[in-house]
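Observations on chain architecture
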Amino acid sequence: VQLQASGGGLVQAGGSLRLACEASGLDFARYVMGWFRQGPGQEREFVAGLSRSGSITNVADDVKGRFTLSRDNAKNTVYLQMNSLKPEDTAVYYCAITLDRLTPPRDPRQYNYWGQGTQVTVSS
């Protein structure tokens, strides 16, 4: 199983980025996906997650209303659209898959496979 995250970069506060995570080596449509982030010196924290069909989302309070998820099962890809970015959103963003959950958990220990991370830097 491989997860390839992309789309990170440098953006000014108030700007937008769209991250993508493409999965291979498994039946993507069967599994719940999640996004996490880890800032310098911080623990990895949950950002958002999406059920298999995309009908159920779980979004962290500090990004709710600014970040949205979607998935294209035909392309084995999940997207994280990030709007109204703030300097405190600066982090490495990781996508992950959980094999045995029907709804997206917030605990990173419940995810089985991880992507390599993509850096998001928001300047003030």
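Below is a summary of the structure that appears in this document. (Residues numbered from 1 in each chain as written. Predicted model: local features only at pLDDT ≥ 70, side-chain atom pairs only at ≥ 80, totals over all residues. Heavy atoms only, no water.)

Some words on the side chain of Arg66
Formally: Under the scheme used here, helices are H or I runs from DSSP no shorter than 4 residues and strands are E runs no shorter than 2 residues, and both carry numbers assigned from the N terminus. N or O atoms closer than or at 3.5 Å make up a polar contact, with two conditions inside protein: a donor-capable atom paired with an acceptor-capable one, and, for residues adjacent in sequence, both atoms drawn from side chains. In this description, contact between two residues means that some pair of their heavy atoms is separated by no more than 4.5 Å.
The topology assignment puts Arg66 in the loop between β6 (57-59) and β7 (67-72). From its side chain, Arg66 meets the backbone oxygen of Asp62 in a polar contact 2.9 Å long. Discounting chain neighbours no more than four positions away, the residues touching Arg66 are Gln81, Met82, Asn83, Ser84, Leu85, Lys86 and Asp89.

As for the packing of aromatic side chains
The condition that has to hold: Pairs were defined over the aromatic rings of Phe, Tyr and Trp, the Trp ring being its six-membered one, requiring ring centres within 6.5 Å. Orientation was assigned from the angle between planes: stacked under 30 degrees, edge-to-face over 60, tilted for the rest. For a Lys NZ or an Arg CZ to count as sitting over a ring, it must be within 6 Å of the ring centre and within 35 degrees of the ring normal.
With the rule as written, the count across this model stands at 4 aromatic pairs. Between Phe36 and Trp114 the ring centres are 5.0 Å apart and the planes differ by 55 degrees, which places this aromatic pair in the tilted class. Of this pair, Phe36 sits in strand β4 (residues 32-38) while Trp114 sits in strand β10 (residues 113-114), placing them 78 residues apart in sequence. A connected cluster of aromatic rings, assembled from ring pairs, spans Phe36, Phe46, Tyr111 and Trp114. In this structure, Arg44 packs its charged tip against the face of Trp114, placed 4.7 Å from the ring centre.

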